[in-house]
Every structure is written in structure tokens, then in C-alpha cells.
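Chain by chain, the residues run as shown.
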Amino acid sequence: MTAATFTGNETTAETPAARRNRRRRFSLARAILHTFLIATCIVFIAPVLYALYTSLRPYADTAKHGYVSIGGHYNFTNFSNAWSEADLPLYFKNSAIITIPALLITLWLASMAAFVLARHSFKFNLLMLMIFTAGNLLPQQAIITPLYKLYITIPLPSFLSDSGHLDDSFFGLILIHVAFQTGFCVFVLSNFMRTVPNEITEAARVDGASEWRQYWQVVLPLCRPALAALATLEFTWIYNDFFWATVLMQTGSNRPITAALNNLTGQFFTDNNLISAASMIVAVPTLVVFFALQKQFVSGLTLGANKG
């Protein structure tokens, strides 16, 4: 039987040859798409696999046969040496002190700002959203000089900073991450909150719910997918920060885990196998967070994909 296509009131029979050509074009497009996706995956995964392979080899083997070689001994000695020599537990604790409060404060402030911008109409609504968004376009390196001078002059009590200033303190690093990450979160959450039907908050308002209760008990629970997606991204960005960690934190024992990798480099000799093993260990927390929030992360990224 031949397939038929309907155009208005006319019926046009599709010949077998036309159907084969259509399937051939469709198959070719899928083949090109899959080839592109596979190549992209290889580009991103290859360095990680190479670092993992290098971390399993002792330095003597790579010095003898080269880094791009097969054979020799494979073990986990580099992992144990990196854990002890770089004092990774201490720096993991420092990263937790910086990342967790910065993440929670960022999402909390961004969700409140997004609630006001998305659920209330006022004169400067759009202007405020543009200001939040424009903050993401400012290169961090462009303000390092005035920001550093500001950090070394603003005093802090001794229980917040050993130096007595914002500079060289956990509080200072948390503050800079909150300042730079809030704008992006406000932009994402405000767009998501606009998809929540107004009837929901109006019904809560009729029942006597205050603005805070509408935010905390009505709108915020509906934003769980968006919050999970943002939490995954923000955790990765804040945890992986190296720039601010080295500029604003002078005390080596207070630096986060990314800056600790620099302790494994020597003045005249660097064991790249050891650094590769340490890098694999450092990457574990981001993987744990991603897999823990994977379901919500994917649903948060695909929100609105099926809406007309």
C-alpha cells in the first residue's frame, strides 16, 4: 500500500521512492547529529580519562616510557600519596566552609528577589532585572584592583577574620561568591516563577496568607527543579573557583581545595602523576552533588521545553 499525505481537501499519494528518499534524508540527519554528539563527548571525556590513566601510573614508568605510552605498573599509590602529602582533608573542610554557606545564601537571596520581580508589577521591575542580569556580564578580573583595596580596608571582628579585614577571611570569599552568583540565579528563578499560575498565589492571598507565606510555602516548593539545577551549577562554580581563592586568601592553610593542588608542585620538579591523582580526588564532590540532584537537575533544564 502507498502512503497518502493530506493537503487541505486534496489527497496526494506518496510513492515508495519518495518515502525511501524521506527516510534516507532523516537517517542521514540523525547520523550527522549522532556523530557530532559522540565527537563532543570524546572531546570532553578524553582529558578526564587521560588524567585518570596517568594517575594510575607511577612517575618512574612515565619518565621511562613517556606519558603517551601503554604498559608498566598500575596502582593507587598516587591517590594515597596525594591525600597525605597535599593534606586534602584540611582543604576539603575549607572548601565546605566557603561553598555551602555561599550556595545557601545565594539561592536564598536570589529566590526572594526573583519572587518580588516575578510576582509583583512596579515601575522599576524590568530595570532591576536588567541590573541583576548585567552583573553577570562584568568580567571579574576587571575589578580586582579596586576590590582588593576595598577588602584590605574594610574591618571585620576577630571572630570573622584573623587579619581583622575582609581580606584573607572565609567571610570575604563567601561574600564575593554571593555577589557574583546572585544575578544569574535571580534571572533564572524569576523566569521560572513567571510560569507559576497567578491563581495559586491569589488563592493563598484570599485565604489570608502573607507575602512571606506565599513565598515560603506556595511558590518556593514549586521551584524545586529550578533550585536543584541552580544548586548543581552554583556548587560546581563556587567549589571550582581558583581566581578569588588565590587573590583574596593569603594564608595557605585557609585556602580551598582547588588552591591546595598548587602545593603539589615543586620549584624544580613536578610529579604530574601525583597531581592527576589529586585532581581526580578533588573532582569527587562535584560528581556526588550532580548524581544526587541528577533527576531534579535534568527536569529543571527541560522546563518549558514542551510548552507551545
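Some thoughts on the overall build of the protein chain
In step 1: Along its length, the protein chain carries 15 helices and 2 strands.
In step 2: The buried share of the protein chain, reckoned over its 308 residues, is 35%.
In step 3: In the protein chain, 66% of the contacts between residues at least 6 apart in sequence involve partners at least 24 apart.
In step 4: Carbon and sulfur atoms make up 68% of the accessible area of the protein chain, which amounts to about 18,600 Å² in all.

Considering the side chain of T62
In step 1: The topology assignment puts T62 in helix α2 (residues 59-65).
In step 2: When near neighbours in sequence (up to four residues on either side) are disregarded, T62 contacts R57, Y67 and N273.

Considerations on helix α13 (residues 272-282)
In step 1: Of all 11 residues in α13, 9 are buried; the element is thus mostly enclosed.
In step 2: Every buried residue belonging to α13 is among N273, L274, I275, S276, A277, A278, M280, I281 and V282, and all of these are buried.
In step 3: You can read the cap of α13 off the contacts: a side-chain oxygen lies 3.1 Å from the backbone nitrogen of N273, and it is on D271.

Regarding the confidence of the model for the protein chain
In step 1: Of all residues in the protein chain, 88% have pLDDT values of 70 or greater, and the mean over the chain is 84.
In step 2: In the model of the protein chain, strand β1 (residues 3-7) stands out as the element of lowest mean pLDDT, 47, in contrast to helix α4 (residues 88-119), which has the highest, 93.
In step 3: When the criterion is pLDDT under 50, residues 1-11 qualifies, and its contacts beyond four places in sequence or with other chains add up to 17 contacts.
In step 4: In this model, residues 304-308 is a region of pLDDT below 50 whose contacts with residues beyond four sequence positions or in other chains number 1 contact.

Here's the deal with the packing of aromatic side chains
In step 1: If you walk through the whole model with that rule in mind, you get 12 aromatic pairs.
In step 2: Ring geometry for F76 versus F79: centroids 5.8 Å apart, planes at 50 degrees, classification tilted.
In step 3: Residue class for F76 comes out exposed when judged on its relative accessible area of 61%.

Some points on a nonpolar patch on the surface
In step 1: Taken together, V116, F122, F124, L127, M128 and I131 make up a surface patch of nonpolar side chains, about 540 Å² in accessible area.
In step 2: Sorting elements by how many residues they give to the nonpolar patch places helix α5 (residues 125-134) first, with 3 residues.
In step 3: Examined against the element boundaries, F124 turns out to sit in the loop between α4 and α5.
In step 4: With a relative accessible area of 47%, F124 lands in the partly exposed category.

Concerning unusual backbone geometry
In step 1: A positive phi angle, near 55 degrees, is found at D87, a position not held by glycine.
In step 2: Backbone geometry places D168, a non-glycine residue, at a positive phi of 60 degrees.
In step 3: Turning to its location among the elements, D168 is positioned in the loop between α6 (144-151) and α7 (170-193).
In step 4: By relative accessible area, which is 14% here, D168 ends up buried.

Here's the deal with the side chain of S69
In step 1: Position of S69 relative to the elements: it lies in the loop between α2 and α3 (77-85).
In step 2: Since its relative accessible area comes to 14%, S69 is described here as buried.
In step 3: Within the structure, the side chain of S69 is placed 3.0 Å from the side chain of R57, a separation counted as a polar contact.
In step 4: Side-chain polar atoms of S69 contact the backbone oxygen of G66, separated by 2.5 Å.
In step 5: Beyond its immediate stretch of four places on either side in the chain, S69 contacts Y53 and R57.

With respect to the packing of α4 against helix α10 (residues 224-239)
In step 1: In the contact formed by α4 and α10, the axes pass within 10 Å of each other and the chain directions differ by 140 degrees. Looking at the two axes, α4 sits oblique to α10. Crossing angle aside, the handedness with which α4 passes α10 is right-handed. Contacts between α4 and α10 involve F92, S95, T99, A102, L103 and L107 from the former and L227, L230, A231, E234, F235, I238 and Y239 from the latter.
In step 2: Among the residues forming the contact of α4 with α10, the class breakdown is 10 nonpolar, 2 polar and 1 charged.

Quick notes on the packing of α10 against helix α14 (residues 284-292)
In step 1: At a closest axis distance of 10 Å, the pairing of α10 and α14 adopts a crossing angle of 175 degrees. Here α10 lies roughly antiparallel to α14, going by the angle between them. Residues T232, F235, T236 and Y239 of α10 form the contact with α14, whose participating residues are P285, T286, V289 and F290.
In step 2: Of the residues contributing to the contact of α10 with α14, the split by class is 5 nonpolar, 3 polar and no charged.

With respect to the nonpolar core
In step 1: Within the largest apolar cluster, 46 residues are counted, with the highest numbers of intra-cluster contacts made by L189, M193 and I257.
In step 2: Among the elements that make up this core, the one with the highest residue count is α4 (11 residues).
In step 3: Those residues in contact with I257 that sit more than four places away from it in its chain are L88, Y91, F92, S95, Y239 and V282.
In step 4: Listed in part, the 16 residues of the second largest apolar core include A102, L156, V178 and L248.

Cut-offs used in this document
Residues numbered from 1 in each chain as written. Predicted model: local features only at pLDDT ≥ 70, side-chain atom pairs only at ≥ 80, totals over all residues. Heavy atoms only, no water. Helix = DSSP H or I, 4+ residues; strand = E, 2+ residues; numbered from the N terminus. Buried < 20%, exposed > 50% of the residue type's maximum accessible area, 1.4 Å probe, protein only. Contact = heavy atoms within 4.5 Å. Areas by Shrake-Rupley, 256 points an atom, 1.4 Å probe, with all protein chains shown as cover. Polar contact = N/O pair within 3.5 Å; in protein donor to acceptor, adjacent residues only side chain to side chain. pLDDT = per-residue confidence, 0-100. Phe/Tyr/Trp six-rings, centres within 6.5 Å; stacked < 30°, edge-to-face > 60°. Patch = residues over 30% accessible without salt bridge, like charges linked within 9 Å, V, L, I, M, F, W, Y side chains within 5 Å. Salt bridge = Lys/Arg side-chain N within 4 Å of Asp/Glu carboxyl O. Axes fitted to C-alpha atoms, helices over the stretch in contact; angles between N-to-C directions. Parallel < 35°, antiparallel > 145°, perpendicular 65-115°, else oblique. Left-handed = near helix turned anticlockwise from the far one by under 90°. Nonpolar A, V, L, I, M, F, W, Y, C, P; charged D, E, K, R; others polar. Core = buried A, V, L, I, M, F, W, Y, C linked by side-chain atoms within 4.5 Å.

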